[in-house]
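Reading the structure
Here is how the chains run, residue by residue.
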Amino acid sequence: MQEPAPTIYVVDDDEGVRNSLRFLLKSVGLTARTLASAREFLDSYRPRQPGCMVLDVRMPGMSGLELQQQLNLRGAIIPVIFITGHGDIPMAVEAMQHGAFDFLQKPFRDQDLIDRIQRALERDARSRAALAQHDRIRERFDTLTPREHEVLSLMTRGKPNKVMAAELGVSQRTVEIHRARVMEKTGAASLAQLVRMAMDLESSPARP
Amino acid sequence: MSPNPDTSGALAPVGVAPAATLHGRLLQVSRMATIGEMAAGVAHELNQPLTAIANYAQACGRLLGRADTDPAELRHALAEITLQAARAAEIIRRLRALARSQQSARSAVSINALIRELIELVEGDARLHGVQLSLALADDLPEVLVDAAQIQHVILNFVRNSLEALAARPSGSGRVHIGSGLSPLGEVEVAVSDNGPGPTAEAMSRLFDPFFSTKESGTGMGLAISNTIARLHGGSVGYRPSRPEGACFYILLPPQSGA
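Here's a quick rundown of the structure.

The rules we used
- Along each chain, residue indices are assigned from 1 in the same order as the chain's sequence is written.
- Chain labels run from A onward and ligand labels from 1 onward, assigned in the order the entries are written.
- Given that this is a predicted model, residues contribute local features only at a pLDDT of at least 70 and side-chain atom pairs are listed and counted only at 80 or more, while totals for whole chains, interfaces and linings are drawn from all residues.
- Only DSSP runs of H or I reaching four residues or more are called helices, and only runs of E reaching two or more are called strands; each is numbered from the N terminus.
- Exposure classification rests on a simple neighbour count of other C-beta atoms within 10 Å of a residue's own: a residue reaching 20 or more is buried, one at 12 or fewer is exposed, and one in between is partly exposed. C-beta atoms are placed from the backbone.
- Contact between two residues is assigned when their C-beta atoms, built from the backbone, lie within 7 Å.
- Each residue receives one of three labels: charged for Asp, Glu, Lys and Arg, nonpolar for Ala, Val, Leu, Ile, Met, Phe, Trp, Tyr, Cys and Pro, and polar for the others, Gly being one of them.
- Joining buried Ala, Val, Leu, Ile, Met, Phe, Trp, Tyr and Cys residues through C-beta atoms within 7 Å gives a set, and that set is a nonpolar core.
- Note on pairing: two strands pair once DSSP finds at least 2 bridges between them.
- The axes are straight lines fitted to the C-alpha atoms, using for helices just the contacting stretch, and the angles between their N-to-C directions are given from 0 to 180°.
- Orient the strands so they point away from the viewer; a crossover is then right-handed if the path from the first strand over the helix to the second runs clockwise.

Notes on unusual backbone geometry
A:K106 connects to A:P107 through a cis peptide bond whose omega is -15 degrees. Relative to the helices and strands, A:P107 resides in the loop between strand 5 (102–105) and helix 5 (110–142). Cis geometry marks the peptide bond from B:R243 to B:P244, where omega comes out at 0 degrees. Positive phi, normally seen in glycine, also occurs at B:D140, with a value near 55 degrees. A count of 5 C-beta atoms within 10 Å places B:D140 in the exposed class.

Below, the structure written as structure tokens:
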């Protein structure tokens, strides 16, 4: 699947900082989208768009921390790099506790920011790949009939065919046919892989 | 240039500070606290243009390392750097102006104007405490030659004390009254009274002592500093009971014409 190029969302109420960040990121070939407030970001954010965020902790209206909480509530997976002033370390700590990817103190070395952005983009790509994988498994599992779901559930619990046949009140031959169908529809190459896929679905990662 | 070292071997007197110097220092402490808070705000404000400048400059460094860079891009970044530097300079200029205004700058003002300006500040506070604020300002008062910020600091202190004294009363029943007028001796008076419990007999004798406080979180500086400010202006602060209940703190200032 071809992913669109990642966007770096820069959210800062200071126009000078915002524009300078866009210029800096452009100089290393990264596409930035600048927004002046948390509200502006929420209005324009598309969860399907890969990327990461560079977010000012301290903003009038909704603060960076509040925006992070909003995103967490929505189950967003976008990594957030906070930028803070000198006296904002307690806020940065709080942000990290709520799952921020990293934070940087203003003013920063350009390489520090760019390195963190690269790492954040890598993580975003991994999260998206895991989500896509999850979706593919989900789609396959959704094609199973109710009976096949019953067989799947017994298979993942390691029940032998004889026990399954007795529990489901069918012949062992019928169980074998259902088993074959489950393996075929899910595309699992082995029972071990099937179990992993079933576990992956149960763990259901956050949705963007 | 440092002054010539004292070669006579005599020591400058140190250690014992007369009461007036102590109060002068207290006043300085209170000002420094305000300046400290302000400095934090200024630091944050200055950090923004500095960050922008650093970003542009570092981007220019990267662009210069590339063969295909359009000089127009560099020019744009340099113009932005100039703009942000001017913005930083403007912040510093404002800070300087503010620091100058912090140095006791006295001017002839109407005390009522000072009070009215302050009311905007304390109204919200009073509402928050569920306290009714009332005002009775006398007409035709002579002007006073004062450092407006310092005098407002004193009145604010009185009002804050009153609000805190009223905290124990059921919300809505507390009242704070600010009045201005002429004292029998012709001084300009601002009095802040409340219907709180008033100071205890024990507290009464130490009201204006530095470090004396009846509040758990109090520094004991409020009234001591108010006292110092009043004296520096040739005036005084005092306490009298309020009728029918409560406390009244006042500041007396010499009228300008009499100075």
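Side note on the interface of chain B and chain A
With 20 residues of chain B in contact, the opposing surface of chain A contributes 16 residues. Broken down by element, the side of chain B that touches chain A gets its largest block of residues, 16 residues, from helix 1 (residues 19–64) of chain B. When its residues are assigned to classes, the side of chain B that touches chain A shows 10 nonpolar, seven polar and three charged.

Describing the nonpolar core
In this structure, A:M53, A:V54, A:I81 and A:F82 are the most contacted members of the largest nonpolar core, which totals 42 residues. Sorting elements by how many residues they give to this core places helix 1 of chain B first, with seven residues. The residues touching A:V54, leaving out its near neighbours within four places in the chain, are A:I8, A:V10, A:L21, A:I81 and A:I83. In terms of nonpolar packing, the next biggest core, distinct from the first, is built from 33 residues, B:I115, B:L163, B:I178 and B:V188 among them.

Structural notes on the environment of A:L194
All names here are of chain A. Among the secondary structure elements, L194 is positioned in helix 9 (residues 191–203). Note on L194: 19 C-beta atoms within 10 Å, which makes it partly exposed. Distance from L194 to L152, taken between C-alpha atoms, is 8.7 Å for residues 42 residues apart in sequence.

What about the environment of B:R127?
Considering the arrangement of structural elements, one finds B:R127 in helix 3 (residues 111–128). Between the C-alpha atom of B:R127 and that of B:S171, which follows or precedes it by 44 residues, the distance is 9.8 Å.

Regarding the sheet that holds strand 4 (residues 174–182) of chain B
Backbone-to-backbone hydrogen bonds pair the strands of a sheet. The strands run either parallel or antiparallel. All names here are of chain B. The strand order across the open sheet formed by five strands is 2-4-5-7-6, and the pairing between neighbours is mixed. Where the open sheet ends on each side, the last strands, each with one partner, are strand 2 (131–137) and strand 6 (236–241). Each strand of the sheet is rotated relative to its neighbour by a mean of 15 degrees, with strand direction disregarded. Note: strand 4 against strand 5 (residues 188–194), seven bridges, orientation antiparallel. From the neighbouring strand, L182 faces strand 5, where its bridge partner is V188. Along the sheet, helix 3 contacts strand 2, strand 4 and strand 5; its crossing angle with strand 2, the most-contacted strand, is approximately 175 degrees.

Let's talk about the pairing of strand 1 (residues 7–11) of chain A
All names here are of chain A. Pairing analysis gives five bridges linking strand 1 to strand 2 (residues 31–35), with the strands arranged parallel. Across the sheet, residue V10 finds its bridge partner in strand 2, namely T34. Between strand 1 and its parallel partner strand 2, the chain crosses via helix 1 (residues 15–27), and the hand of that crossover is right-handed. Both strand 1 and strand 3 (residues 51–56) contribute to a ladder of five bridges, which runs parallel.

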